[in-house]
Amino acid sequence: MIALNVKTFLIGTLIILVATIIFTIPAESLPLLIPSLLFAGVAGGLYIGYVRKRPLITCLYDGLIVSIPTSLLQAAIVVPILWFYHNLRVDNAPIRLVVIIFTISIMLGGIVGGPFGALALGLYYRYVKRDRGEGELYEKYLEEKIRDGDIKKLEE
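The text that follows walks through the structure, step by step, so that each part is easy to find. (Residues numbered from 1 in each chain as written. Predicted model: local features only at pLDDT ≥ 70, side-chain atom pairs only at ≥ 80, totals over all residues. Heavy atoms only, no water.)

Moving on, we come to helix α1 (residues 6-24). Here α1 is 19 residues long and its end C-alpha atoms lie 27 Å apart, about the 27 Å a rise of 1.5 Å per residue gives. Within α1, burial applies to Thr8, Gly12, Thr13, Ile16, Leu17, Ala19, Thr20 and Thr24. In an axial view of α1, the angular spread of the buried residues amounts to 160°, which keeps them on one side of the axis. Within α1, the exposed residues directed more than 90 degrees away from the buried face are Lys7, Leu10, Leu14 and Ile22. Close packing links the buried residues of α1 with α2 (33-52) and α3 (56-85). (Helix = DSSP H or I, 4+ residues; strand = E, 2+ residues; numbered from the N terminus. Expected span 1.5 Å × (residues − 1). Buried < 20%, exposed > 50% of the residue type's maximum accessible area, 1.4 Å probe, protein only. Arc of directions from axis to C-beta. Contact = heavy atoms within 4.5 Å.)

In contact at an axis separation of 9 Å, α1 and α3 are set at 30° when each is read in the N-to-C sense. One element, α1, and the other, α3, form an angle in the roughly parallel class. Crossing of α1 against α3: the hand is right-handed. In this structure, α1 contributes Phe9, Gly12, Thr13, Ile16, Leu17, Thr20, Ile21 and Thr24 to the contact, and α3 contributes Ile65, Val66, Ser67, Pro69, Thr70, Leu73, Gln74, Ile77, Val78 and Ile81. (Axes fitted to C-alpha atoms, helices over the stretch in contact; angles between N-to-C directions. Parallel < 35°, antiparallel > 145°, perpendicular 65-115°, else oblique. Left-handed = near helix turned anticlockwise from the far one by under 90°.)

Moving on to the side chain of Thr70. In this structure, Thr70 sits in helix α3. Note on Thr70: relative accessible area 1%, which makes it buried. If sequence neighbours within four positions are ignored, Thr70 has contacts with Thr13, Ile16 and Leu17.

So, on to the pattern of salt bridges. Under the counting rule described, the total for this entry stands at one salt bridge. Notably, a salt bridge pairs Arg52 with Asp62, separated by 2.7 Å at the nearest N-O pair. Highlighted residues: Arg52 in helix α2 and Asp62 in helix α3, separated in sequence by ten residues. There is no split in this pair, since Arg52 and Asp62 are both buried. (Salt bridge = Lys/Arg side-chain N within 4 Å of Asp/Glu carboxyl O.)

The structure is reproduced here in structure tokens:
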């Protein structure tokens, strides 16, 4: 089993954060805050699933690994947007708003969104695409043969 690449982790994180900003900034999106946090997590999970493809447990696990820390960043971005840009203030308990947004972000974007997106694309590659890795094996075989042929030509 191949470990999650740092580049893949950072790109998945960036996808989640950009999707969060895009769907949170418009004033009309305030009633759709919860689905937008979920969709941002799913979008990042879809990228992780696209990169991992198989096996399904690895897709699910890597989606969870990417989306849990990113959901904390997601909440840290959403709270100031709601507080300053949308003037969503809780006068008697401002801490309550912060706790609610962090909880929603971790639950929807982190625990549900990312793993579900990665699992959905993993299921697609397993059952719909029906590609069991033969194409990748063939490409690796060709690369090795080409590399070996180039080395033999250099030795002559």
